[in-house]
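Each chain, written out:
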Amino acid sequence: MAARPHPHRLSVESRRPGARRHRRHRPVGQPRRSLRPDLSRSLVFAAPALLSGNARGIAGRGTVLALAGLLVVGNLGYGAWRLAGADAGTVEGIRLRIVQPAIDQSEKWTPEARRAALATYLDLSDSRRSPEDLGILGATHLVWPETALPFFLTESPEALSAIADALPPGTTLITGAPRVDGSGGERRYFNSVYAVDDGGRIVAAYDKAHLVPFGEYLPFAPLMERIGLRQIVQSVGGFSEGPGRGVVSLPGTPPFGVLICYEIIFPDAAIDRARRPDWIVNVTNDGWFGHTSGPYQHLAEARLRAIEEGLPVVRAANTGVSAIIDAHGRITASVGLGETGVVDGGLPVALPPTVYARHGRLLLGGLLFTTFTLAAVFRARSRRAVDNG
């Protein structure tokens, strides 16, 4: 039986130095960053307020509308210029393969599905779409979704052995699976992500910190259970909270942060500010949403985190949308919603810390202050014009 890992940082053997490249990339551009685009957004969205109330003069309204229009054009132009010079390079020697099995949610937790889950993932991991496709042999890092393995991996030595047999030398598996801590009546359960090396050893783990109410734990459980309510994911007492943000550091692998499911929607909890990672792994199971707008909104949040932090996001979703997202928020490779398949690609390089990464909510506060100050100035000028008119 594998020993339970430390939840933050463990070491493994060095990864292999290189792998076949999926596509050619030019060196990444490093565009100049400025507060002007964010300020322009604030002014544009403040325009309706500036035009309301006492802003009655035709000339005054025309000036505000012209300013807002110029800012919109300037903002779009800046965005086009920035992206035009922002070709995404990839990290040398890192080759990703993301597996998306599209397992139906109604079948995921049945005893039969649990037994078949590992075989399904291993088969897809080594799938080959062309004679040139090396399958799992071309990957240095294999990424499976949230709770890909619906059993306790630390209590399944046969599963770890099968993973070891499937992984080529130097390849690391990053997978979601539940974790149990303790024994007897003191057992606690976690929604976790494991890193498993090519010897079938668990070398790192992360426990989800932001749990879904009624999904992963039941608020006021004794009262709720008394009136017949139950949590969606059944475990005794529900899942426990993990310690939160951390960075997984493995030899031969750029340090990465882990976000499970909807943890990706919280800007302030995306990364460890004291130890900025080079990329973010986001594993999720959006099968609960079905074919609705939910998975696309979730994907959009992941892209937004990439833009905010200037970090690539590698996203593995059970039913989609799995994707590699570069540090500019662009999807470089993906598998569509409800499809079964794999995503192959290099790891996009990280950008220097963005203005948001450096200043966070302080930046937001400054923009709000600027917006309301400008609104107050325009309203005051409008009132004086009316009083003098």
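Computed from a predicted structure; not experimentally measured.

Rules used throughout
- Residues numbered from 1 in each chain as written.
- Predicted model: local features only at pLDDT ≥ 70, side-chain atom pairs only at ≥ 80, totals over all residues.
- Heavy atoms only, no water.
- Salt bridge = Lys/Arg side-chain N within 4 Å of Asp/Glu carboxyl O.
- Helix = DSSP H or I, 4+ residues; strand = E, 2+ residues; numbered from the N terminus.
- Buried < 20%, exposed > 50% of the residue type's maximum accessible area, 1.4 Å probe, protein only.
- Contact = heavy atoms within 4.5 Å.
- 1 Å grid on protein atoms, 1.4 Å probe; cavity = no way out; pocket = protein on both sides within 12 Å on 5 of 7 lines; lining within 4 Å.
- Points joined across faces, edges and corners; volume = space filled by probe spheres on them.
- Nonpolar A, V, L, I, M, F, W, Y, C, P; charged D, E, K, R; others polar.
- Core = buried A, V, L, I, M, F, W, Y, C linked by side-chain atoms within 4.5 Å.
- Patch = residues over 30% accessible without salt bridge, like charges linked within 9 Å, V, L, I, M, F, W, Y side chains within 5 Å.
- Areas by Shrake-Rupley, 256 points an atom, 1.4 Å probe, with all protein chains shown as cover.
- Pairing = 2+ DSSP bridges.
- Axes fitted to C-alpha atoms, helices over the stretch in contact; angles between N-to-C directions.
- Expected span 1.5 Å × (residues − 1).
- Bend = angle between axes of the 7 residues up to and from the residue.
- Phe/Tyr/Trp six-rings, centres within 6.5 Å; stacked < 30°, edge-to-face > 60°.

Visitor: Break down the pattern of salt bridges for me, with residues and values.
Guide: Enumeration according to the criterion identifies 14 salt bridges in this entry. With a shortest N-O distance of 3.3 Å, R187 and E155 are connected by a salt bridge. Separated by 32 residues along the polypeptide, R187 in the loop between strand 3 (172–181) and strand 4 (188–196) and E155 in the loop between strand 2 (141–143) and helix 5 (157–166) bring together distant segments of the chain. Residue R187 is classed as partly exposed on the basis of its relative accessible area of 27%. Judged by its relative accessible area of 34%, E155 falls in the partly exposed class. Shared partners join several salt bridges into a network, and the residues in it are R97, R129, D133 and D344.

Visitor: So, the environment of A113: which residues are in play, and what are the values?
Guide: Examined against the element boundaries, A113 turns out to sit in helix 4 (residues 111–125). Distance from A113 to L149, taken between C-alpha atoms, is 9.9 Å for residues 36 residues apart in sequence. Those residues in contact with A113 that sit more than four places away from it in its chain are E107 and K108.

Visitor: For unusual backbone geometry, give the residues involved together with the corresponding values.
Guide: Here the amide bond leading from G320 into V321 is cis, since omega sits at 5 degrees, within 30 degrees of zero. Among the secondary structure elements, V321 is positioned in the loop between strand 9 (313–317) and strand 10 (322–325). Positive phi, close to 40 degrees, is recorded for T147, a residue that is not glycine. Looking at the secondary structure, you find T147 in the loop between strand 2 and helix 5.

Visitor: If you had to explain empty space enclosed by the protein to someone new, which residues and values would you point to?
Guide: Here the structure, examined in full by the defined rule, presents three cavities of 30 Å³ or more. Here the second largest cavity defines a volume of roughly 40 Å³. Secondary-structure elements contributing two or more residues to the lining of the second largest cavity are strand 4, strand 5 (202–207) and strand 7 (253–260). For the lining of the second largest cavity, a count of residues per class yields ten nonpolar, no polar and no charged.

Visitor: Account for the nonpolar core, with residues named and values stated.
Guide: Residues F256 and W279 are the most contacted members of the largest nonpolar core, which totals 27 residues. For W279, the residues in contact, after removing those within four places along its chain, are L96, I174, T253, P254, P255, F256, G257, P312, V314 and L347. Membership of the second largest hydrophobic core comes to 24 residues, among which are Y121, I136, L142 and V342.

Visitor: Got a sec to walk through a nonpolar patch on the surface? Specific residues and values, please.
Guide: On the surface, L364, L368 and F372 cluster together into a nonpolar patch covering about 320 Å² of accessible area. With respect to the secondary-structure elements, F372 resides in helix 9 (residues 361–388). F372 gets classed as exposed once you look at its relative accessible area, which sits at 60%.

Visitor: Explain the sheet that holds strand 10 residue by residue, including any values.
Guide: Read from one edge to the other, the open sheet built from six strands follows the order 6-7-8-9-10-11, with strand pairing classed as mixed. Each of the sheet's edge strands pairs with one partner strand only, and the pair in question is strand 6 (248–250) and strand 11 (331–335). Averaged over all neighbouring strand pairs, the angle between strand axes comes to 20 degrees, with direction disregarded. The sheet contact formed by strand 9 and strand 10 spans three bridges and is antiparallel. Paired with R315 across the bridge in strand 10 is A323. Across the sheet, helix 7 (residues 294–309) is in contact with strand 8 (279–284), strand 9, strand 10 and strand 11; its angle to strand 9 comes to roughly 160 degrees.

Visitor: Could you give me a rundown of helix 4, with the residues and numbers involved?
Guide: Given a rise of 1.5 Å per residue, 15 residues ought to cover 21 Å, and the 22 Å separating the end C-alpha atoms of helix 4 matches this to within 8%. The principal kink in helix 4, of about 35 degrees, is found at A117. Within the span of helix 4, buried status applies to A113, A117, L118, Y121, L122, L124 and S125. Those residues of helix 4 that are buried lie in contact with strand 1 (90–100), helix 3 (105–108), strand 2, helix 5 and strand 12 (341–348).

Visitor: So what's going on with the packing of aromatic side chains? Residues and values would help.
Guide: Remark: the centre distance and the inter-plane angle together describe each pair of aromatic rings, the angle taken between the planes. One pass over the full model with this rule turns up four aromatic pairs. Between Y121 and W144, the ring centres sit 4.9 Å apart and the planes meet at 35 degrees, which makes this aromatic pair tilted. Of this pair, Y121 sits in helix 4 while W144 is found in the loop between strand 2 and helix 5, placing the two residues 23 residues apart along the sequence. The two residues Y121 and W144 agree in class, both being buried. Considering the side-chain rings of Y262 and F266, the 5.3 Å spacing of their centres and the 75 degrees angle between planes classify their relative orientation as edge-to-face. Classification of Y262 as partly exposed rests on a relative accessible area of 21%.

Visitor: Outline the pairing of strand 4, listing residues and values.
Guide: Across the nine residues that make up strand 4, a large majority, eight, are buried. When strand 3 meets strand 4, the two strands line up antiparallel, connected through nine bridges. Of the residues in strand 4, the one forming a bridge with T175 is Y194. Bridge count between strand 4 and strand 5: five bridges; the pairing is antiparallel. In the strand pairing of strand 5, V193 is matched with Y206.

Visitor: A description of the sheet that holds strand 4 should follow, citing residues and the corresponding values.
Guide: One open sheet accounts for six strands, arranged 5-4-3-2-1-12; its pairing is mixed. Taken across any chain shown, the strands that pair with only one partner, and hence form the sheet edges, are strand 5 and strand 12. Across the sheet, the axes of successive neighbouring strands diverge by a mean angle of 35 degrees, strand direction being ignored. Where strand 2 lies against strand 3, three bridges are found, and the strand directions are parallel. Following the sheet pairing, H141 is matched in strand 3 by T172.

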